[in-house]
Structure formats: C-alpha cells, structure tokens
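Here is what each chain is made of, one letter per residue.
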Amino acid sequence: MPVLTYREALNQALREELARDPDVLLFGEDVAEYGGSFKVTQGLLQEFGPRRVLDTPISEAAIVGTAVGLALGGLRPVAELMTVNFALVAFDQIVNHLAKMYFMFGGQCPMPVTIRAPGGGGHQLGAQHSHSLEAVFSHFPGLKVVYPSTPRTAKALLLAAIRDDDPVLFLEHEGLYNDKGEVPEGLEPLPLGRAEVVRPGEDVTLVGYGRMARLALEAAEALEADEISAEVVDLLSLRPLDWDTVAASVARTRRAVVVEECWPRCGIGADLVAGLCDRVFWELEAPIVRVSGEDIPAPYARELEQACIPDPAKIAAAARRVVDA
Amino acid sequence: MNRQEVLRAYRQMRLARAFETKVAELYQKGRMGGFSHLYTGEEAVAVGALWPLRPDDHVLGSYRDHVYLLVRGTDPGAVMAELYGHSDGCCKGLGGSMHLYDRERNFHGGYAIVAGECPVAVGLGLSVKYREGDQVVVCFFGDGATNQGVYHEALNMAGLWKLPIVFVCENNEYAIGTSVERSSAERNLARKASVYGMPAEAVDGMDFFKMVSAAERAVARARRGEGPTFIEARCYRYRGHSMSDPATYRSKEEVEFWRGRDVLEKLRGQIRHDFEVPDEEFDGLDAEVREAIEAAVAVAEAGRELSLEEARKLVYVRP
C-alpha cells in the first residue's frame, strides 16, 4: 500500500477533486505560483492552470467572501487560509455569512465551500501563529469542522469535505504535514461526522482529534507497560460530532480522558465532558479528566511552548489517575 | 425609452414606495418585528440600476433590501410574509427584513453586516468569469460600507481580476446617524473607489434617467469583459435609518429640500409631459399597485411560522 505524508495525501485529494469535478477551484494566498506556504498545493497550478488554481491578495475576509459568492454561483470552491490564525481576520465572513446563509435564506442556497486552514502549536511561532481555534469554530451551527490526524484520514476527509454541500472548515495540523502513513489507492471519501476507534482497549477511553489523536495513541502504547488497556477514539469531525461512537466507548470502558490542544475554557474538552455526562454519567467509574493546552497565549521559548501543549506523558498520567480513582 | 417602458418604471417605483409605506404602517401596528430599514426616497437608485439587467444576472444588497426583490419581480406577498416571519416568506421566515433572498430571481441577499456582501459579489463575479458567461453582478451598499476594510479588499480583487460587477453605492449622506463628512476622509466616494482599477462616477440618484444611463454603461462594460464599474448614487432617504430612528440629526429644512425633489413625482411629471399620459392612466396604475399591496398583506396575515422541528432541518443540507 502506498505510503504518503499528510501533506502529500492532502495534495492528492485536491488533485483528484480538481480532475474529477470542473466546478472545483482552488485559491488563497500563495497557493498557485508559490505552491502553498506549507506546500500542500504544490504542482497544482502547473497541472490545472491559473483558471483553476488562483493566487489571491492578502485579504482573508475577501477570500472567504469570494468562496461564498462562488458557491452562490454554483461552484465548489476550496479556499486556503494560510493559517487558522488568519481565519480570525475572516471571522465575519466565516461565521456571519458562510455558516448562516443556508439557514437564514430559508434553505435556498447550499454552500459547498471548503476552507482549509493549517494550525496548531509546536514550531516556536509565538502567540499569533500557534492558535488552536477548533473550539471557536465548532461553536457555530451551520459550519462543519473537520480535523484529520493521519494521511489516510486527511485525504478521505478532504475528498468528503469538497463533495459536501455544507461549508466545511478543514483544519490541518502543521506538526503533522511530514507524518507518513498508508493511503490506499482509490481511497473513498470518509463520511463527515464519524469518529473512529483507532485502538481497542478495556480500561479507559482516550478521546482526541488531529495531532492529539496521534499523541493519545502514543500514550496508549506507553500505558501497556502499566497493564492499562486504553481505547483510543479519534474524533475526526468536531462538528457534527459522533456522540454515538464516543459514548459507546466510554460506556464500555467506564473511564475517559479527553485530549485537546486548545485552551480549556469553553473548549472541545469541556464540551465532550458535558456531552458524555449527559449520555453516560451513570456508567462512569471515575470523573472524566481533560488534558488541555495550557491556559496562556503560546510562548515563543521552545521548552516553554512544549510545556503548554499536551504530550503522551501527560495523557498517560491522566489515564493512570482515572484508572486509579 | 418608450411609453410602455417609462410606465413600467413608474409602476416599479410606485410599488416600492407603496410597499414601504405599508411596511411602516404595519410595523407600527406591531405586525412585524426586528429592524426595518425603508427605502423610501431612494427608489430611482434601485429601479434605475437594475433596469438594464437580464433575469440571469445577479443582484446583492445590504440590509435595506425590500425594494430590490420587488424590482426583480419577487412576489410582494413573499416579501411581506417574510417580514411577518411566516413560512411562506421568501426565506421561510428565517431571514426577515435584513436577510431577504430569492434564488429563482438571482437575488443573493440581504446582508446585515455592512459591506459584508461586497466580497460575496466578487465570488459571484468570479463564478461568471470562470464559466465564461456574460452575466453581470450588481452589488448595492451604502456610503457607510466604504469605510469597511473588506469593502476595499473586494474592490481591489474585482479590479485586479476585471470581474463583471457593478458596485452601486447608495450615498444617502448618512451611515445611521453619522454623516459622510464625519466618517469619510474622502467625501467624494467615486474618487475614493477610483484607485481600484475601475471607472467610478457620481450620479444624481434622484434622477431615474441618469441612473439608467449610468447603469447601462456599466452593465455593457461588464458584459464586454472589461471589468467592474463603481457608481456613486447621490440620494436621500426620507425616513430615519430604521423604524426605530426618529432622525433627529437632520434638520427639517434638509429633509424638505430632498422631498421637494421626489423621484416619483418628478418621473410622473416627466412622463406626463413627454408621453402625454393622462392622469387617469396614472390613477389606474396606482390602484393596481394598491391592490397588489393589499394582496401581499393578505398573504402575510394568513401565514404561520415554521415549527422548531422544521427549522432544525434547515441548518445543514446533509446533517
């Protein structure tokens, strides 16, 4: 089976969709000539030409607004925001326009828009380039939020996002771009809103997404040494969220640790704990524990920054606490 | 323009005026809620700017949007029902006054974030260019929009990519209660737009024929693939910004001055003179419009709101 990096898998998904559907077009800052800031769109201009792959000015709000208008014009735009931090500059267009229009206009306008946005910390980029904003965007009904963790899921979910008739914010973790993994040829789109149990276990469920799902898997392997059998659930979609899969797992293991890269207040973890309490409270043997990004802006200093991001050791320690409780 | 055409223009303007007058009345009676921003006084801008359009052209507006739909041919009953929040409204009662939409007539909203529609127009323009069509996008906004960042981003991209867009700025001198002098470093809004690679001109928005001729030039240019045009329509709204605004920031004299240049009266005078249209014919049109408005109100009064269950189904195409 072919092994690709997360970056190559995304590039392959874009290439296949551009080739498959003439209504798909790609645009954003430096996506064409430059090949994308993170090189995800490399080679696509050469293959599909400037009509299909367009560079834009540094105008994030207008980039998303353009995507909105293209969708109204019957096309399936894929816009890249150079980083999710810049999505805040386009927040109005994403939230007040894109997310609400199908509803607000009485179901007249499907919005098949995909907004790709790399993010996450770990590269010493300081407080304005290291955000994990998944919780912010998952707040809004009307928007779908996807966060793949592996090359296979990155490709399959991007195919699905582009073909979906609803707006999708497609988050990519900058720390995963070079990660390698098997990506079957002819891979089909994965349905949005479905989580995967990526490792079966008996004693505790570790719930993660994006890079955090990878770290949860590493933590689960480390926990084997303590004879703790951890199940790992990779959420893949943060909105809609696959409550059935998560709740079924936690109801079975009766213990859970939720891992988020974002800040803890009003975050993905808080939402998961509340949702799980609604669904499986009486099955729980111990309180659910959250492992979150540190509640401070991302510092530049290397070790300090690392200390702010969940790691396998913190996740494993949380799991031990939950199992010992 | 021939006799039939000018009478059609008169009827459109009369319908717009009568609709807004009725909305004010019903709003005051509590038949509808929210904000209601009326177009009264500015009718020549919408009717004139949309005059050269074909049904397959695209139109976007801001929150002061009732009249665009009427001009595009949306059933006044569907617009009125929307203001009532009823399920047979043009957005099933989910949009309301500021978020009207009519897919069938290529009216793409209805946006209540100032200048929010400007980049959306860029996307629509790009979709036309992408498909190598000759449709035109007309994008309306007020003078206040020209101070928003995204407005400048949108004009820059439209000019850069030579998109088939007509930007129509309704300069009614006030952004809510703040006058242009107090909000824009450049008072000449056409000049302010002229640096983005498009012709920009100021037009007397109180003169229907001047609006039409400016719009015809802009639309023809866009259809030829020559890119966007900016039209600053200098106009005036008779009422406050919305129904909740008594407009105390304007003098009585100022309002009287503009009302003295009323577009509807002026057009009627011109038509009567140039085409020798008798008063009875105008009266007939006025009666027809009155009936249409009464019918619209009847539709709205008879409707109902969507249930929560029905509304939930409209958040996603595929949940």
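Residues numbered from 1 in each chain as written. Chains lettered and ligands numbered in written order. Predicted model: local features only at pLDDT ≥ 70, side-chain atom pairs only at ≥ 80, totals over all residues. Heavy atoms only, no water.

1. What to know about the overall build of chain B
- Helix and strand content of chain B: 12 helices and eight strands.
- Rg of the C-alpha trace for chain B: 19 Å, near the compact-globule value of 20 Å for 319 residues, within the 12% margin.
- Summarising its shape, the C-alpha atoms of chain B cover approximately 60 × 50 × 40 Å along the three principal directions.
- By residue count, 59% of the 319 residues in chain B fall in the buried class.
- Contacts spanning at least 24 positions in sequence make up 74% of the contacts within chain B whose residues lie at least 6 apart.
- Total accessible area computed for chain B in this model is approximately 12,600 Å², and 49% of it derives from carbon and sulfur atoms.
- Taking the average place of the 41 positive charges on the side chains of chain B and the average place of its 48 negative ones, the gap between the two points comes to 3 Å. (Helix = DSSP H or I, 4+ residues; strand = E, 2+ residues; numbered from the N terminus. Rg over C-alpha atoms; globule rule 2.2 N^0.38 Å. Buried < 20%, exposed > 50% of the residue type's maximum accessible area, 1.4 Å probe, protein only. Contact = heavy atoms within 4.5 Å. Areas by Shrake-Rupley, 256 points an atom, 1.4 Å probe, with all protein chains shown as cover. Lys, Arg positive; Asp, Glu negative; His and termini not counted. Charge placed at Lys NZ, Arg CZ, Asp CG, Glu CD.)

2. Here we look at the overall build of chain A
- If you tally the helices and strands in chain A, you get 13 helices and 14 strands.
- In summary, chain A has a C-alpha radius of gyration of 19 Å against a globular reference of 20 Å for 325 residues, a match within 12%.
- On the principal axes, the C-alpha backbone points of chain A span a range of 60 × 45 × 40 Å.
- Summed over its atoms, the accessible surface of chain A is roughly 11,900 Å², and 51% of this surface lies on carbon and sulfur atoms.
- Charged side chains of chain A number 29 positive and 47 negative; the gap between the two group centres comes to 1 Å.

3. Some remarks on the sheet that holds strand 14 (residues 289-291) of chain A
All names here are of chain A.
- In space, the five strands of this open sheet follow the order 9-11-10-13-14, with mixed pairing throughout. Strands at the two margins of the open sheet, each flanked by one partner only, are strand 9 (196-199) and strand 14. When the angles between neighbouring strand axes are averaged without regard to direction, this sheet yields 25°.
- As paired strands, strand 10 (residues 204-208) and strand 11 (residues 230-234) are joined by five bridges and run parallel to one another. Paired with Val 204 across the strands is Ala 230, a residue of strand 11.
- Each of strand 10, strand 13 (256-259) and strand 14 is contacted by helix 13 (residues 312-324), which is oriented at about 175° to strand 14, the strand it contacts most. (Pairing = 2+ DSSP bridges. Axes fitted to C-alpha atoms, helices over the stretch in contact; angles between N-to-C directions.)

4. So, the pattern of salt bridges
- The tally for this structure, following the rule as stated, stands at 43 salt bridges over all chains.
- Here Arg 131 of chain B ties to Asp 23 of chain A by a salt bridge, and the two come within 3.4 Å at their closest N and O atoms. Taken together, the residues Arg 131 of chain B in the loop between helix 5 (117-130) and strand 3 (137-142) and Asp 23 of chain A in the loop between helix 1 (6-20) and strand 2 (24-28) connect one chain to another.
- We classify Arg 131 of chain B as partly exposed; its relative accessible area is 44%.
- Measuring nitrogen to oxygen at the nearest pair gives 2.2 Å for the salt bridge that ties Glu 224 of chain A to Arg 199 of chain A. Residue Glu 224 of chain A is located in the loop between helix 9 (211-223) and strand 11, and its partner Arg 199 of chain A is located in strand 9; the two are separated by 25 residues in the primary sequence. (Salt bridge = Lys/Arg side-chain N within 4 Å of Asp/Glu carboxyl O.)

5. Looking at the interface of chain B and chain A
- At the interface, 39 residues of chain B touch 47 residues of chain A.
- Among the residues of chain B in contact with chain A, Tyr 130, Tyr 316 and Val 317 of chain B are the three that bury the most area, contributing 22% of the side total.
- Across the chain B-chain A interface, the total number found is one salt bridge.
- Scanning the region where chain B abuts chain A turns up 23 residue pairs in polar contact (both at pLDDT 80 or more).
- Of all the secondary structure elements, the ones that give two or more residues to the side of chain B that touches chain A are strand 2 (107-110), helix 5 and helix 6 (149-160) of chain B.
- Taken together, the residues of the side of chain B that touches chain A break down into 23 nonpolar, nine polar and seven charged. (Buried area = accessible area lost by both parts, 1.4 Å probe. Polar contact = N/O pair within 3.5 Å; in protein donor to acceptor, adjacent residues only side chain to side chain. Nonpolar A, V, L, I, M, F, W, Y, C, P; charged D, E, K, R; others polar.)

6. Topic: the pairing of strand 13 of chain A
Residue and element names in this part refer to chain A.
- The two faces of strand 13 match: Ala 256 and Val 258 on one face and Val 257 and Val 259 on the other face are all buried.
- Both strand 10 and strand 13 contribute to a ladder of three bridges, which runs parallel. What sits directly across from Leu 206, in strand 13, is Val 257.
- With three bridges connecting them, strand 13 and strand 14 associate as parallel partners.

7. Some details on unusual backbone geometry
- With omega at -5°, the peptide bond leading from Arg 239 of chain A into Pro 240 of chain A counts as cis.
- With respect to the element layout, Pro 240 of chain A can be found in the loop between strand 12 (237-239) and helix 10 (243-253).
- Backbone geometry at Glu 132 of chain B places phi at a positive 55°, although glycine is not the residue there.
- Position of Glu 132 of chain B relative to the elements: it lies in the loop between helix 5 and strand 3.
- Since its relative accessible area comes to 69%, Glu 132 of chain B is described here as exposed.

8. Topic: the packing of aromatic side chains
All names here are of chain A.
- Counted according to the given criterion, the structure contains 20 aromatic pairs over all chains.
- Here Tyr 147 and Tyr 209 contribute two aromatic rings whose centre-to-centre distance is 5.7 Å and whose plane-to-plane angle is 45°, an arrangement assigned as tilted. Placement of the pair is Tyr 147 in the loop between strand 6 (144-146) and helix 8 (151-163) and Tyr 209 in the loop between strand 10 and helix 9, with a sequence separation of 62 residues. Side by side, Tyr 147 and Tyr 209 carry an identical accessibility label, which is buried. (Phe/Tyr/Trp six-rings, centres within 6.5 Å; stacked < 30°, edge-to-face > 60°.)

9. Describing the packing of helix 1 (residues 3-28) of chain B against helix 10 (residues 263-275) of chain B
All names here are of chain B.
- With their axes 10 Å apart at the nearest point, helix 1 and helix 10 run at an angle of 160° to one another. Taken together, helix 1 and helix 10 sit at an angle that is classed as roughly antiparallel. Both helix 1 and helix 10 take part in a crossing whose hand is left-handed. Side by side, helix 1 and helix 10 meet where Arg 3, Val 6, Leu 7, Ala 9, Tyr 10, Met 13, Arg 14 and Arg 17 of the first sit next to Val 263, Leu 264, Glu 265, Leu 267, Arg 268, Ile 271 and Phe 275 of the second.
- For the contact of helix 1 with helix 10, a count of residues per class yields 10 nonpolar, no polar and five charged. (Parallel < 35°, antiparallel > 145°, perpendicular 65-115°, else oblique. Left-handed = near helix turned anticlockwise from the far one by under 90°.)

10. A closer look at the confidence of the model for chain B
- Chain-level pLDDT for chain B is 97 on average; 100% of the residues reach the 70-or-more range.
- If you check the scores for this complex, the pTM reads 0.97 and the ipTM reads 0.96. (pLDDT = per-residue confidence, 0-100.)

11. So, the environment of Leu 187 of chain A
Residues and elements named next belong to chain A.
- Along the chain, Leu 187 turns up in the loop between strand 8 (180-182) and strand 9.
- For the pair formed by Leu 187 and Arg 152, sequence separation is 35 residues and the distance between their alpha carbons is 8.1 Å.
- Setting aside its immediate chain neighbours within four residues, Leu 187 contacts Arg 152, Lys 155, Ala 156 and Leu 159.

12. As for the nonpolar core
- Core analysis: the biggest nonpolar cluster contains 166 residues, and Leu 72 of chain A together with Met 80 and Phe 230 of chain B have the highest contact counts within it.
- A total of 12 residues in this core trace back to one element, the largest contributor, which is helix 1 of chain B.
- Not counting chain neighbours up to four residues away, the residues in contact with Phe 230 of chain B comprise Phe 141, Tyr 151, Leu 155, Phe 167, Cys 169, Leu 189, Ala 190, Ala 193, Met 198, Pro 199, Ala 200 and Glu 201 of chain B.
- Of all hydrophobic cores here, the second largest spans 35 residues; its members include Ala 9, Leu 44, Leu 45 and Val 183 of chain A. (Core = buried A, V, L, I, M, F, W, Y, C linked by side-chain atoms within 4.5 Å.)

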